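Residue-level listing of the chains:
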Amino acid sequence: MALPVITDDDRRARLGRRHLLATTVDTVEEVADALVGLHATDPATVFLSVCARLTTPSVAAVEKAFYERQTLVRLLCMRRTMFAVATTLAPVVDAAAAREIAARERAGLLKYLAEGVGWDADRLAEVERATLAALAARGEATVVDLGRDVPDLLEQVVVAAGKKYETRQNVSSRIVRVLAADGRMRRSRPRGTWLSSQFRWAPAQPWPAVDPAEARAELVRRWLASFGPGTEADLKWWTGWTFGAVRTALKAVGAVGVELSTGPGWALPDDLFTPETEPWVALLPALDPTPMGWQGRDWYLAPELRPRLFDTAGNVGPTAWCDGRVVGGWAQRPDGEVVWQALTDVGAQTRAALDAEAARLTEWLGGTRVVPRFRTPLEKELSK
């Protein structure tokens, strides 16, 4: 029996319905849930990804979700990448991806400490207990605060000994990072603005245990619902798992085979129809979850555009979209104005719509200048 055929146009129609979201969701948590998670390596991405998808977005709404309601949390998870996920999904993401990452982080920390300061696992455990006690006493603290309370955190490791770039590092940041990966601490409000990555820390409890196989199946189901149909290679890349783990999870959720323009793919059994969508445009930030959702991107991003929109490590910069395709990129000038440039032919109507979106984003930012952490050729050109 021939596999159902899902064309590139079908996939782009799904992308518009699921990822633009502006007319269907009202809260930060709904955006995060609809996209499985928001990339959070660059703190600005979370805020800008939400801004692109809500009718009336605000910095305060995202901050309240993170720091007051605590319904949004940062996790080091898929591909050892920082994501912001809804706390309702966090136990699944933790069991499916974050636990294994945390174990690797701890193994790396023990090696770093053994070679750098001669600590063993017992010594590390002692310092971790003191650190968590100090954090509990303060309620909230920076790494510097914790170093004042726990002097062992200030021990230093020589990095790149004998090289021109030799430096000394306090062990504190690595220890705090592992405690956070283990779910014992969480990132609280940053010291600076919403663009800052210098976070304060607060006590936390590990997420409730979920069977890892069940968690992986649920995460694949969520991905297919938001990003499907897709290929095994897409899922392997997005999750960071082996092909074996991906295939087991696909079987567990009853995924069905489909034929894509690139070959075999997978979809949920109730997702074989093409949704109706209205024309749309969007300006999405660097590292946004939409352009970072698949390994195979040719169906929405022409290969000849990639060199201008990605850095050499594969990080996407700010992108301009029309009806499910990337058509260009955008940046902020030093005066705060958002400008965009088409990299392919677009009509007058699309150009006018993206001009309006650039004006909206300029007004929303209100003079705040956002420079992506990973800069790309087009972003650099436009930001001058």
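Residue positions are given per chain, counted from 1 along the sequence in the order it is written. Side-chain atom pairs in this predicted model are given and counted only at pLDDT of 80 or more, local residue features only at pLDDT of at least 70, and totals for whole chains, interfaces and linings cover all residues. The side-chain figures draw on all heavy atoms in the structure; neither hydrogens nor water molecules are used.

Pairing between the strands of a sheet comes from backbone hydrogen bonds, and it takes one of two forms, parallel or antiparallel. Two strands pair if DSSP finds at least two bridges between them. Only DSSP runs of H or I reaching four residues or more are called helices, and only runs of E reaching two or more are called strands; each is numbered from the N terminus. As summarised here, the arrangement of the three strands in space is β1-β3-β2, forming an open sheet in which the pairing is antiparallel. Strand pairing shows two members of the sheet lacking a second neighbour, β1 (38–39) and β2 (72–76), which therefore form its edges. As defined by bridge partners, β2 adjoins strand β3 (residues 82–86) across five bridges and the pair is classed as antiparallel. Among the inter-strand pairings, L72 is bridged to a residue of β3, identified as A86.

Here a ring pair, both rings aromatic, is described through the centre-centre distance and the interplanar angle of the planes. Centres within 6.5 Å make a pair out of two Phe, Tyr or Trp rings, where for Trp the six-membered ring is used; the pair is then stacked when the planes are under 30 degrees apart, edge-to-face when over 60, and tilted otherwise. One pass over the full model with this rule turns up 12 aromatic pairs. Between W194 and W364, the ring centres sit 6.1 Å apart and the planes meet at 65°, which makes this aromatic pair edge-to-face. In this pair, W194 is assigned in the loop between β6 (185–190) and β7 (199–203) and W364 in helix α13 (residues 348–365), connecting sequence segments 170 residues apart. Buried means the residue's accessible area, taken with a 1.4 Å probe over protein chains only, is under 20% of the maximum for its type, while exposed means over 50%, and partly exposed covers the values in between. Residue W194 is classed as buried on the basis of its relative accessible area of 12%. Between the aromatic rings of W299 and Y300, the centroid separation amounts to 4.8 Å while the plane-to-plane angle is 75°, which identifies the pairing as edge-to-face. Its relative accessible area of 5% is what places W299 among the buried residues. For Y300, a relative accessible area of 2% gives the class buried. An aromatic cluster is defined as three or more aromatic residues linked by ring pairs; in this entry it consists of F83, W223, F227, W238, W280, W294, W299, Y300 and W321. Its end group placed over the ring of F243, K236 keeps NZ or CZ at 5.4 Å from the ring centre. Between R297 and the ring centre of W237, over which it is positioned, the NZ or CZ distance is 5.1 Å. In this scheme, Lys NZ or Arg CZ marks a charge over a ring once it lies within 6 Å of the ring centre and within 35 degrees of the ring normal.

Here we come to the pattern of salt bridges. Put simply, a salt bridge is a Lys or Arg side-chain nitrogen that is within 4 Å of an Asp or Glu carboxyl oxygen. The final tally for this structure, using the stated rule, is 27 salt bridges. Across the pair E68 and R189 runs a salt bridge, and its minimum N-O distance is 3.4 Å. Of the two residues, E68 sits in helix α4 (residues 59–68) while R189 sits in strand β6, which places them 121 residues apart along the sequence. One salt-bridge network, held together by shared partners, links D94, R99, R106, E128 and D182.

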